[in-house]
Amino acid sequence: MGDTPERGRAQRRRLNKPGPSEMYQLKPEGPTSMGSLTYREDREEENSAFTWEVKANNRAYNNQFKEKSFLCWQRKKYKGNIIHTAKYNFFSFLPLNLYEQFHHVSNLYFLLIIILQGIPDISTLPWFTLFTPFICLLVIRGTRDLVDDIGRHRSDNTINNRPCQMLVGKRFLCKKWKKLHVGDLVCLHKDNIIPADMLLLASTEPNSLCYVETADIDGETNLKFRQALMVTHDKLTNLRKVASFQGKVVCEEPNSRMHHFVGCLEWEGKKYPLDIGNILLRGCKIRNTNTCYGMVIYADGYKPAGFDTKIMRNCGKIHQKRTKITRLINRLVVLIFMTLVLISIALTLGFWYKVTEFKAKHHYVSKMHVYSVATESFFIFWGFVILLSVMVPMAMFIIAEFIYLGNSIFISWDVQMYYEPHDMPAKARTTSLSDQLGQVEYIFSDKTGTLTENIMTFKKCCINGIIYGPDEKETLREENPYLWNRFADGKLLFHNARLLSTVLDKKDRMVQEFWRLLAICHTVMVQQKDSESLYQLVYEAASPDEEALVTAARNFGYVFLARTQDSITVMELGEKRVYQVLAMMDFNSIRKRMSVLVRNPEGSIYLYTKGADTVIFDRLSKKGLTKRTTEQALTSFAQQTLRTLCLAYKRVDEDFYEEWHHRLQEAGILLQNRARALHQVYEEMEQNLQLLGATAIEDKLQDGVLETIQCLKQGNIKVWVLTGDKQETAVNIGFACQLLSEDMFILEEKEIIQVLEAYRENNGLLSGKGSLKSWFLPQVQVAMVISGEFLDQLLLPLHNEPRTLVRSVNTDVESWQEREEKRTSFVQARRMSLMWRILGTQLRSPGPGRRSKDSDMHESPELWRERAFMALALQCQGVICCRFTPQQKALIVALVKQYQNVVTLAIGDGANDVNMIKTADIGVGLAGKEGMQAVLSSDYVLAQFCFLRRLLLVHGRWSYMRICKFLRYFVYKTLASMMVQIWYAFYSGFTAQPLYEGWFLALYNVLYSTLPVLYIGLFEQDVSAEQSLELPELYVAGQKDQLFNYWVFLQAFAHGTATSLINFFMTLWISYDTAGPLSFSDYQSFSVVVALSCLLSITIEVVLIIKYWTVLLVLAIFFSFFFYAVITWASQSFQLFIISPKTFPFLYADHNVMSRPSILLVVLLNVSLNTLPVLALRVIYQALKKPYPKEEKEATPTEGIITVEPLPYIKRVSHARRSSYAFSHREGYAHLITQGTILWGSPGVNRDMLSDHMSLPDEELDPSSKESPW
């Protein structure tokens, strides 16, 4: 998060010490791409009001600021530092949770039925039969939400009660984070976590530098630096002066821009500009800095409008997540209720007709009908609604909660997802999303800490055309080959005996210069780990790449020992040599190289340069065999997804150096166009180089990442990488994960804008024949790489047309940068021509009249740009988003959900991933080194990215299949039993009389048919876990909603209706006009036969549809019949009948039926008619079903686009060879080193005085303050 262009601008402003007229100018002195803000940020600077005023050590002043709360009420503008991320509190839990639960349509439906059951005149079932399970359902769901929220409260309390040292009076005391307010002064020590967004005032480091680690925010473990204003650095040198500090900060209102801050410090009558380089952000950790001071600017006191600190502003809000199946069930409940009402109306009309006819024929029994026909019909209507309400069984929702819980427990119990090194099992933090794990189509992944381990390893090198790789395992010696070197750290895994022998021989000049360059040309800082040992060195680098290179040189005997403002000391194979540093030409994103000009102890001047191959090769003096072999080596390294870097050097003539140095000094004192002049001077020196070789560094992926992504792609799951890291790093990882390939055409930002602009000019619509999808040739793979700055520019609500945006992007560069790009203009022209061939069209420049007027009339340019961009991105086989803020990550996820209507999953390990995790349908947090913020906000917790494969393809697919089969079967068995009530109404005078015994109705879905259904939801498997991983294509069924949809529901509806028809009318037809002892035409016997036929039919259906048989299934079926037999025997016993004849009216009804073999034959006939036709249809369907073609299996949905070899593809050097050092993306520490700012011994603050005054007694320190992650 610290690698921003604004940082370099801040340093130049401070080091050049602008005068009073320049104090408040927040732009750099001359135009330079390194210091220019993005277009969006420039607009925000112009339009933002600096209304946030904070005065140090003055709570009374800060408390006077008010803001509007409600109507005329006002509240304090600045709150404390207490965070509340939980959804409920003690008073709001019950009303708010009930409010959320009644967003489920089914709950509203059940509440209506319970109210109707409480009215005696219309109730056909006892009120407690639905009320009791309904309360149980609400309690189960409420308890689940309460447990989740208690976890959030505990997390909040842990964070709010962390200790920090706050200025109270004249000394620093240990206080809790929640006691902080804006304006308070805080003292931080090494390894402390920053409690709020603060202005850095001073530190014990030279020139008040402060090193911070942002791993918990953006996952990057390399250090960034912040620097205090020179005025506070010079004056705040002891505790007394700090305590009397009364400066006031006037700045922008709190916002979510992590890399941007604009404000000024007003102190002692002067104003000093502030930017992000002066700010310590909440969540960062202090590193390599003994003590520093800060003034709180933004605190996190909770307000209805949200938090104030930047990281909390990027965390997003907690959203209630519902699965696709849940939303479908809500719609089905509405559909069933409407159908139920229509059926009840139809049956009520039948009752109206029957009652009218009955009164006309039998007027002498009119006393039976106390009410009028209309009133009785009204009561009968609601009676039918209550009677048929069981078509939406509450038991289904209760059992579903247990199924969700069980499947979540199985995830936590899976030993295959247990990570032993960290003792970390997988964990389901929510129980309501397990089925949606089987429907994911888009995965949005962070990079650092999620895909990679952020560990750079020196893997290979090429010196003078010779490639040196690691020795084969059988040739490796057991002992460490670097034991001869006392400075070796023992961590270098690169072993090459041939290269080591060449180094020790000291005969190969190119090898010596190669390692010497790596030991000299860098901005690494060195410290001694132990003052007693001279050989224990600790390197601190701006990027892990540089540290890996310097460490490799150290182990090979070229040890970087120390540096001063104008010298660097290297131990070369035991010989200590001091090089005078004459100039350091630092890296930036345009130069893509770094150079150091040194004078060796012999007096000779040498230039050492390292950088991207594209810039090094253009500056070589001769291009012979070494260049060709090095190019081949670079190509080989790139194919292995290694990060490459070229090294070159030259000897500089003394006279040329004197002339060049004079021009360098002149350029350095220019007040305008300084960066351009320096660039030109650097260019003069960096010519006629001699190529030394190349290095190859591996950005180590986590174990199993490549296999996991390939398997997910075969399951039609698209993986997008959203990272805050640099473009080169993100693209390199894209190649390493095979999300990108050399055969892909990779769209970059300018090409994307031109595609969208030309598309609008030629088509203007996003549907039909002119859709972006039709622009792509089917045989071409296309990928996209975008940055957060580009996303802001593209989706910024501008009033300009897209062509204006293209012009602004193309012209917002410096002239010297344009000259740099002109060198590759021919290649760019060829690439654009190829791009239009790939898109299947030609680039034309039509006049304004050709633009589609209809689209402009109906849609704003901003909305059109958004839709067109998403349509283009969704057609790409790979999308890499780099330099993204947390809010931008969430925006991309939201846009995909909006335009695709698919299930999305976000996975990350840092606090910068929290917003994305909350926005996605499913959030997965990785429990790693970067804290627990992502874990605490996630739905599922994993230890490694590779476990995602098993989570989705095994547990996700199983859960989806189980819940779908459970729902289909539950709908079938419910309709099979309850549709009989409708047929019975035609023979009962439409009186809404139940056919079944009351106890059978109450226990049918609770005991008699529950256990087999529960087994389906918990243990059913169509294929084993191993087969699920071997056949990821099976996962597509969940993405397409094939197992439960409207059509499947209609099939279950028809199946259940057919079963009810057979059970009722076959029984009625056989018993029609029969009498005597063997007859079952009486009401109770008829009811028992129909009930028994239904129970046996649905049990046989379970036997047919279950594919995974275990002893548990046999026991489930056995206990279902056992419960039916025992409860029926008890409810129909004579003893209970004597006690309450109305409650237990079916006296020995089942016993009488069971004792007659002829009646049992009727039951067997019903079951056979229900089972055999369905079984025959299924066998015929399977026989006629087309087998899965082998060709289609090979061409999976994500890999169905095949590249075409004859296509005249121009190799893209920028992607084919990924330069390692270009990953730093920003200027390093060169300007700080050459000016002595970063080095000890420079004039400034008295470190001992500052640290002595700021130290506190041991009893006031809490040791946990250094251990707990933010």
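Residues numbered from 1 in each chain as written. Predicted model: local features only at pLDDT ≥ 70, side-chain atom pairs only at ≥ 80, totals over all residues. Heavy atoms only, no water.

Moving on: a negative patch on the surface. Residues D653, D655, E658 and E659 make up a contiguous surface patch of negative charge. With respect to the element layout, E659 can be found in helix α19 (residues 654-668). (Patch = residues over 30% accessible without salt bridge, like charges linked within 9 Å, V, L, I, M, F, W, Y side chains within 5 Å. Areas by Shrake-Rupley, 256 points an atom, 1.4 Å probe, with all protein chains shown as cover. Salt bridge = Lys/Arg side-chain N within 4 Å of Asp/Glu carboxyl O. Lys, Arg positive; Asp, Glu negative; His and termini not counted. Charge placed at Lys NZ, Arg CZ, Asp CG, Glu CD. Helix = DSSP H or I, 4+ residues; strand = E, 2+ residues; numbered from the N terminus.)

The phi dihedral of Q738 is positive, around 65°, even though this residue is not glycine. Within the secondary structure, Q738 is located in the loop between α22 (727-736) and β30 (745-747). The phi dihedral of N901 is positive, around 55°, even though this residue is not glycine. With respect to the helices and strands, N901 occurs in the loop between α30 (886-900) and β33 (903-908).

What follows is about empty space enclosed by the protein. By rolling a water-sized probe across the atoms, one finds the places where empty space is left. Counting across every chain of the model gives 13 cavities of 30 Å³ or more. There is about 950 Å³ of room inside the largest cavity. In terms of lining, the largest cavity is formed by 48 residues, of which the most central are D145, D148, K321, T430 and S432. Secondary-structure elements contributing two or more residues to the lining of the largest cavity are α4 (93-101), α6 (128-160), α11 (324-361), α13 (394-413), α31 (914-919), α32 (933-936) and α33 (947-985). If you tally residues by element for the lining of the largest cavity, the top one is α6, at 8 residues. In terms of residue class, the lining of the largest cavity is made up of 19 nonpolar, 15 polar and 14 charged. Approximately 200 Å³ is the volume attributed to the second largest cavity. Of all the secondary structure elements, the ones that give two or more residues to the lining of the second largest cavity are α11, α33 and α38 (1046-1071). Considering each element in turn, the lining of the second largest cavity owes the most residues, 7 residues, to α11. A per-class count over the lining of the second largest cavity returns 18 nonpolar, 2 polar and no charged. (1 Å grid on protein atoms, 1.4 Å probe; cavity = no way out; pocket = protein on both sides within 12 Å on 5 of 7 lines; lining within 4 Å. Points joined across faces, edges and corners; volume = space filled by probe spheres on them. Nonpolar A, V, L, I, M, F, W, Y, C, P; charged D, E, K, R; others polar.)

In this section: the UniProt feature "binding site: Mg(2+)" (unreviewed entry) in the protein chain. Those places that UniProt annotates as "binding site: Mg(2+)" (unreviewed entry) correspond, in this numbering, to D446, T448, D909 and D913. Judged by maximum C-alpha separation, these annotated positions cover 468 residues in sequence but sit close together in space, the widest gap being only 11.0 Å. Tracing the chain through its elements places T448 in the loop between β17 (440-445) and β18 (452-463). Turning to its location among the elements, D913 is positioned in the loop between β33 and α31. The exposure class of D913 is buried, given its relative accessible area of 0%. A distance of 2.8 Å separates the side chain of D913 from the side chain of K889, its partner in a polar contact. (UniProt positions renumbered as here; feature names shortened; annotations may be inferred. Buried < 20%, exposed > 50% of the residue type's maximum accessible area, 1.4 Å probe, protein only. Polar contact = N/O pair within 3.5 Å; in protein donor to acceptor, adjacent residues only side chain to side chain.)

Judged by how many residues are buried, β18 sits mostly within the fold: 9 of 12 residues are covered. The pairing of β18 with strand β28 (residues 690-701) spans 8 bridges and is classified as antiparallel. Within β28, the position partnered with I463 by the bridge is G693. Of the strand pairs in this sheet, β18 and strand β19 (residues 466-468) are connected by 3 bridges, and their pairing is antiparallel. Note that in β19 the partner of C461 across the bridge is Y468. (Pairing = 2+ DSSP bridges.)

Next up on the list: the sheet that holds strand β8 (residues 209-213). Reading across from one edge, β9-β8-β14 is the order of the 3 strands in this open sheet, with antiparallel pairing throughout. Across the chains shown, the open sheet's two edge strands, defined by having one partner strand only, are β9 (223-227) and β14 (285-287). The average undirected angle you get between the axes of adjacent strands in this sheet is 45°. Relative to β14, β8 runs antiparallel, the two sharing 3 bridges. (Axes fitted to C-alpha atoms, helices over the stretch in contact; angles between N-to-C directions.)

With 79% of its residues at a pLDDT of 70 or more, the protein chain has an overall mean of 79. Within the model, the stretch residues 1-48 combines pLDDT values under 50 with 119 contacts to residues more than four positions away or in other chains. Between residues 765-770, whose pLDDT stays under 50, and residues either more than four places distant or in other chains, the model counts 13 contacts. (pLDDT = per-residue confidence, 0-100. Contact = heavy atoms within 4.5 Å.)

What follows deals with the pairing of strand β27 (residues 643-652). β27 sits mainly inside the fold: 9 of its 10 residues count as buried. Alignment of strand β26 (residues 605-611) against β27, held across 7 bridges, turns out to be antiparallel. For Y608, the partnering residue across the bridge sits in β27 and is Y649. Pairing between β27 and β28: 7 bridges, direction antiparallel. Directly across from L645, in β28, lies its bridge partner T695.

On to the sheet that holds β18, then. If you trace the 9 strands from one edge of the open sheet to the other, you get β19-β18-β28-β27-β26-β25-β24-β23-β22, paired in antiparallel fashion. The sheet is open, and its two edges are formed by β19 and β22 (558-563), each paired on a single side. Strand-to-strand, the axes of this sheet are offset by a mean angle of 30°, without reference to chain direction.

Checked against the element boundaries, E602 lands in the loop between β25 (593-599) and β26. E602 gets classed as exposed once you look at its relative accessible area, which sits at 53%. Residues E602 and R577, spaced 25 residues apart in sequence, show a C-alpha to C-alpha distance of 9.9 Å. At a separation of 2.8 Å, a polar atom in the side chain of E602 contacts the side chain of R577.

To continue, consider the packing of aromatic side chains. Enumeration according to the criterion identifies 55 aromatic pairs in this entry. Between F458 and F494, the ring centres sit 5.2 Å apart and the planes meet at 75°, which makes this aromatic pair edge-to-face. With a gap of 36 residues between them, F458 in strand β18 and F494 in the loop between β19 and α14 (497-505) connect regions that are remote in the sequence. Owing to a relative accessible area of 3%, F458 belongs among the buried residues under this scheme. Between Y984 and Y1083 the ring centres are 6.2 Å apart and the planes differ by 35°, which places this aromatic pair in the tilted class. (Phe/Tyr/Trp six-rings, centres within 6.5 Å; stacked < 30°, edge-to-face > 60°.)

On to the pattern of salt bridges, then. Under the criterion given, the structure shown has 40 salt bridges. The salt bridge partner of R663 is E684, with a shortest N-O separation of 2.8 Å. Residue R663 is found in helix α19, and its partner E684 is found in helix α20 (residues 674-685); the two are separated by 21 residues along the sequence. Residues K889 and D913 are paired through a salt bridge, measuring 2.8 Å at the closest nitrogen-oxygen approach.

Moving on, we get to the side chain of H955. Tracing the backbone through its elements, the reader meets H955 in helix α33. Classification of H955 as buried rests on a relative accessible area of 8%. At 2.6 Å, the side chain of H955 and the side chain of D414 are in polar contact. Ignoring anything within four residues of it in the chain, the contact list for H955 reads F410, I411, D414, M417 and R950.

Here we take up a nonpolar patch on the surface. On the surface, a nonpolar cluster with roughly 630 Å² of combined accessible area is contributed by V1111, L1112, L1115, F1118, F1119, F1122 and V1126. Tracing the chain through its elements places L1115 in helix α40 (residues 1111-1131).

Two packed helices can be described by the angle between their axes and the distance between those axes. Two elements in contact, helix α15 (residues 509-520) and helix α16 (residues 544-555), have axes separated by 8 Å at closest approach and are oriented at 130°. If you check the angle between α15 and α16, you find them oblique. Every pair of crossing elements has a handedness; the one defined by α15 and α16 is left-handed. Residues W515, L518 and A519 of α15 pack against L549, V550, A552 and A553 of α16. In terms of residue class, the contact of α15 with α16 is built from 7 nonpolar, no polar and no charged. (Parallel < 35°, antiparallel > 145°, perpendicular 65-115°, else oblique. Left-handed = near helix turned anticlockwise from the far one by under 90°.)

This paragraph deals with helix α18 (residues 625-639). The terminal C-alpha atoms of α18 lie 21 Å apart, and with 15 residues this matches the ideal 21 Å at 1.5 Å per residue to within 8%. Among all positions in α18, only K627, T630, A633, L634, F637 and A638 are buried. Down the axis of α18, the buried side of the element spans an arc of 135°, and every buried residue falls inside it. Relative to its buried face, α18 has exposed residues pointing more than 90 degrees away, namely L625, Q632 and Q639. Positive backbone phi, approximately 60°, marks T641, located one or two places after α18. (Expected span 1.5 Å × (residues − 1). Arc of directions from axis to C-beta.)

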